[in-house]
Amino acid sequence: MKELVEVIAKALVDNPDEVVVTEKTEGKNVTVELHVAASDMGKVIGKQGRIAKAIRSVVKAASLSDNQRVDVDIR
């Protein structure tokens, strides 16, 4: 999941070098934290959070086959 979030985020931002994705696993729960530059935060979140919701939906759909629960935190 980490790679998926990283590819999506780097495609959206102006500073792809500043994209940092970390993954924490606790049993069947996985938390993916996405860190971007402050100037790119709006591009990752989108108007009314639409892009952030889309990223979370794609990750959730991809994680169904792994039988895991994945949360995406944008920081």
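Residues numbered from 1 in each chain as written. Predicted model: local features only at pLDDT ≥ 70, side-chain atom pairs only at ≥ 80, totals over all residues. Heavy atoms only, no water.

Visitor: Help me understand the overall build of the protein, please; the structure alone is not making it clear to me.
Guide: Counting its regular elements, the protein contains three helices and three strands. Its helices and strands in sequence order give the protein the pattern α-β-β-α-α-β, from N to C terminus. Its C-alpha atoms give the protein a radius of gyration of 12 Å, within 12% of the compact-globule value 11 Å for 75 residues. Structurally, the protein occupies a C-alpha span of about 35 × 25 × 15 Å along its principal axes. (Helix = DSSP H or I, 4+ residues; strand = E, 2+ residues; numbered from the N terminus. Rg over C-alpha atoms; globule rule 2.2 N^0.38 Å.)

Visitor: I'm lost on the nonpolar core in this one. Help?
Guide: The tendency in soluble globular proteins is for nonpolar side chains to be buried side by side. Counting 17 residues, the largest nonpolar core has Val 5, Val 19, Val 32, Leu 34, Val 44 and Val 59 as its most contacted members. Secondary structure elements with two or more residues in this core: helix H1 (2-12), strand S2 (29-35), helix H3 (50-63) and strand S3 (69-74). When residues no more than four places from it in sequence are discounted, the contact partners of Val 19 are Ala 9, Lys 10, Val 13, Leu 34, His 35 and Val 36. (Core = buried A, V, L, I, M, F, W, Y, C linked by side-chain atoms within 4.5 Å. Buried < 20%, exposed > 50% of the residue type's maximum accessible area, 1.4 Å probe, protein only. Contact = heavy atoms within 4.5 Å.)

Visitor: What am I meant to see in the pairing of strand S1 (residues 20-26) here?
Guide: A regular strand places its side chains on the two faces of the sheet in alternate fashion. Of the pairings in the sheet, the one linking S1 to S2 comprises seven bridges and is antiparallel in character. Residue pairing in the sheet places Glu 23 in a bridge with Val 32 of S2. Where S1 folds back on S2, the antiparallel hairpin that results is connected by two residues, among which Gly 27 adopts a positive phi of roughly 70 degrees. (Pairing = 2+ DSSP bridges.)

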